[in-house]
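Close look at the chain arrangement
Now for the letters of each chain:
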Amino acid sequence: MKRKLRDFVNFPVEGLDLSRIMAKDGASQLEKKVEANGGESEESCDEKKVNDEDGETVATEEVDEEDTSSHMNGDDGRSEKLYDLYGVVHHQGALSGGHYVASLKSHIDGQWRLFNDAQIYEIHERDVVDASAYILFYIRRDVANQKLSDFWDVSKRVGEGLTEDEMDELIKGRSEKCVIS
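Calculation notes
- Residues numbered from 1 in each chain as written.
- Predicted model: local features only at pLDDT ≥ 70, side-chain atom pairs only at ≥ 80, totals over all residues.
- Heavy atoms only, no water.
- UniProt positions renumbered as here; feature names shortened; annotations may be inferred.
- Helix = DSSP H or I, 4+ residues; strand = E, 2+ residues; numbered from the N terminus.
- Buried < 20%, exposed > 50% of the residue type's maximum accessible area, 1.4 Å probe, protein only.
- Contact = heavy atoms within 4.5 Å.
- Salt bridge = Lys/Arg side-chain N within 4 Å of Asp/Glu carboxyl O.
- Phe/Tyr/Trp six-rings, centres within 6.5 Å; stacked < 30°, edge-to-face > 60°.
- Pairing = 2+ DSSP bridges.
- Core = buried A, V, L, I, M, F, W, Y, C linked by side-chain atoms within 4.5 Å.

- As annotated in an unreviewed UniProt entry, the protein chain carries the name ubiquitinyl hydrolase 1 and is attributed to Fragilariopsis cylindrus CCMP1102.
- Taken from UniProt, the Catalytic activity (unreviewed entry) comment for the protein chain reads in full: "Thiol-dependent hydrolysis of ester, thioester, amide, peptide and isopeptide bonds formed by the C-terminal Gly of ubiquitin (a 76-residue protein attached to proteins as an intracellular targeting signal)."

What follows is the structure in structure tokens.
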């Protein structure tokens, strides 16, 4: 018989540190060194050979302190590895059925709120971490105060996306399958 798992998983609300499990960007550093050396072979680029766990010979890159500090302080998207929780989807009920609610932290006042259909409640941070947590949403600290327009072109483009009339037609065509309230 299948049943829903109800195990409590303790997850951090602030400061989720992924530094131990995020991949290093060593491959691109090696490629940069090869390009800097005019495309010479990899072995000429401060590389050494070592044996891995299975005794196989593999190449590893020698990284000096200067390269490491510039890599960690550069804008490569991986220098910041701390994440803060800003949303949780909770599932209440059984495997065969139930109800979803969401807890979201306001970026305006920092208050956590529980959204349950048309009702919204202010909640305490400790109420977010519970056994009903189903999906967690984290944001990297260094981009928390950025806008979407800082990363992508968000200007309106003619001919892209659906018009309001096309959206209305799409909704009408699926009225028996989709209810928007």
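Side note on the overall build of the protein chain
- For the protein chain, the helix and strand inventory stands at three helices and eight strands.
- Start at the N end of the protein chain and walk to the C end: the helices and strands fall as β-α-β-β-α-β-β-β-β-β-α.
- Here the protein chain holds 181 residues, and the buried ones make up 19% of them.
- Pairs at least 24 apart in sequence give 54% of the contacts found in the protein chain among residues at least 6 apart.

Side note on the pattern of salt bridges
- Tallied over the entire structure, the rule returns five salt bridges.
- Taking the shortest distance from any N to any O, the salt bridge between Asp109 and Arg113 comes out at 2.8 Å.
- For Asp109, a relative accessible area of 47% puts it in the partly exposed group.
- Connected through salt bridges with shared partners, the residues Asp109, Arg113 and Glu122 form a single ionic network.

Structural notes on the packing of aromatic side chains
- Applying the stated criterion across every chain, the model contains two aromatic pairs.
- Here the aromatic rings of Tyr86 and Phe137 are separated by 6.2 Å at their centres, their planes lie at 50°, and the arrangement is tilted. Taken together, the residues span a long stretch of sequence, with Tyr86 in strand β4 (residues 82–93) and Phe137 in strand β8 (residues 133–140) at a distance of 51 residues.
- For Phe137, a relative accessible area of 34% gives the class partly exposed.
- Measuring from centroid to centroid gives 5.8 Å for Tyr100 and Tyr134, while their planes differ by 55°, and the two rings are tilted. One end of the pair, Tyr100, is in strand β5 (residues 98–105); the other, Tyr134, is in strand β8, and 34 residues separate them in sequence.
- Given the relative accessible area of 47%, Tyr100 is considered partly exposed.

Comments concerning the pairing of β4
- Note: strand β1 (residues 16–17) against β4, two bridges, orientation antiparallel. The residue of β4 that forms the bridge with Leu16 is Tyr83.
- Relative to β8, β4 runs antiparallel, the two being bridged by seven bridges. In the strand pairing of β8, His90 is matched with Ala133.
- Here seven bridges tie β4 to β5, and the two strands are oriented antiparallel to one another. If you follow His91 over to β5, its bridge partner there is Tyr100.
- Hairpin geometry of β4 and β5 is characterised by an intervening segment of four residues between the two adjacent antiparallel strands.

Description of the nonpolar core
- Core analysis: the biggest nonpolar cluster contains 10 residues, these being Phe11, Val13, Leu85, Val88, Val101, Trp112, Leu114, Ile123, Val128 and Val129.
- Breaking this core down by element, the ones donating at least two residues are β4 and β6 (112–116).
- Beyond its immediate chain neighbours, meaning those up to four positions away, Val88 contacts Phe11, Val101, Ala102, Ser103, Val128, Ala133, Ile135, Leu136 and Phe137.

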